[in-house]
Amino acid sequence: MHTREAVLADAQAIYDLIGTYSGDGTLLPRRLPEICENIRDFVVAEKAGQIIGCGALHLYGPHLAEVRSIAVYPHHRGSGAGRQVVDALLREAERHRVSCVCLFTRIPEFFSRLGFSVAPREHLPDKVYKDCCNCPRLQSCDEVPMVRGQAPKFAILPRPFMAAQFPITIRPLEGE
Ligand SMILES: CC(C)(COP(=O)(O)OP(=O)(O)OC[C@H]1O[C@@H](n2cnc3c(N)ncnc32)[C@H](O)[C@@H]1OP(=O)(O)O)[C@@H](O)C(=O)NCCC(=O)NCCS
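Fair warning: this is a prediction, and the values are worked out from it, not measured in the lab. (Residues numbered from 1 in each chain as written. Predicted model: local features only at pLDDT ≥ 70, side-chain atom pairs only at ≥ 80, totals over all residues.)

Draft legend 1. Spatial organisation of the sheet that holds strand β3 (residues 50-61). On the basis of which strands lie adjacent, the open sheet formed by seven strands has the order β1-β2-β3-β4-β5-β7-β6 and mixed pairing. In the strand order of this sheet, the two ends are held by β1 (2-5) and β6 (117-118), each with one partner. Sheet topology places β1 next to strand β2 (residues 42-47); four bridges connect them, and they run antiparallel. Each bridged residue has a counterpart across the sheet, and for E5 the counterpart in β2 is V43. In the packing of helix α3 (residues 81-95) onto the sheet, the strands contacted are β1, β2, β3, β4 (64-72) and β5 (100-105), and the crossing angle to β3 comes to about 30°. (Pairing = 2+ DSSP bridges. Helix = DSSP H or I, 4+ residues; strand = E, 2+ residues; numbered from the N terminus. Contact = placed C-beta atoms within 7 Å. Axes fitted to C-alpha atoms, helices over the stretch in contact; angles between N-to-C directions.)

Set out below in structure tokens:
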């Protein structure tokens with residue numbers, strides 16, 4: 001088994017794999033055009049020419065990236081593929097010299113083994129502005145925010161209208 005950067009030809013296989021876990025809400029659903037558009041975010045784990053795992057790194061800026069869509073097919077779980085995918089995404093974040101990698105998860109134990117620790121979501125306002133403000137579970141979120149590195153506590157995305165109902169302390173960017 002090895003990991004590699006995804007190419008466009010992998011998009012359908014990634015879509016199918018994420019679909020395995022999005023039906024019951026374990027993973028957020030991703031549409032095929034969205035996966036194609038963001039294919040350069042993805043890493044896949046491959047065994048005997050078959051994609052058995054995937055994950056993505058969304059870049060917000062040098063202050064923040066987010067690990068998303070981590071999945072390994074049920075019959076390949078427990079063989080290290082999940083760890084290898086996350087490690088590959090962390091190397092990618094390092095290559096971009098990103099100072100904090102975040103994620104939201106219902107399995108914090110898995111990610112704490114990989115160096116992540118729990119942080120308040122208010123420390124990740126870009127993530128909140130991009131996703132949480134549009135989420136029906138904004139006020140009843142059951143996912144645990146985690147970070148690896150220094151949580152930025154500021155946003156570079158514009159504050160959406162919805163955020164007025166979700167108080168977050170935002171510090172301006174240095175130099176602004
Ligand atoms: C989470 C998931 C990606 C893990 O993949 P995997 O290939 O089985 O994980 P690995 O074999 O690399 O396990 C690495 C370590 O994490 C542990 N681990 C695996 N799944 C775990 C879980 N659900 N909770 C806690 N620890 C877990 C393993 O025991 C192993 O520990 P070790 O280093 O002490 O041996 C996989 O179970 C999955 O696809 N789950 C459904 C989708 C999902 O929940 N994704 C995460 C969304 S945030």
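So that's the structure; there's more coming.
Draft legend 2. Focus on the pairing of β5. By the criterion of burial, β5 is predominantly enclosed, with five of the six residues buried. Pairing geometry for β4 and β5, over two bridges, is parallel. Looking at β5, one finds that A65 is bridged to V101. Once you follow β4 into α3 and on to β5, the crossover reads as right-handed. The sheet contact formed by β5 and strand β7 (residues 144-149) spans six bridges and is antiparallel. Across the sheet, residue F104 finds its bridge partner in β7, namely P145. (Buried ≥ 20, exposed ≤ 12 C-beta atoms within 10 Å, placed from the backbone. Right-handed = clockwise from strand over helix to strand, strands pointing away.)

Treat this as a map of the structure, not an account of what it does.
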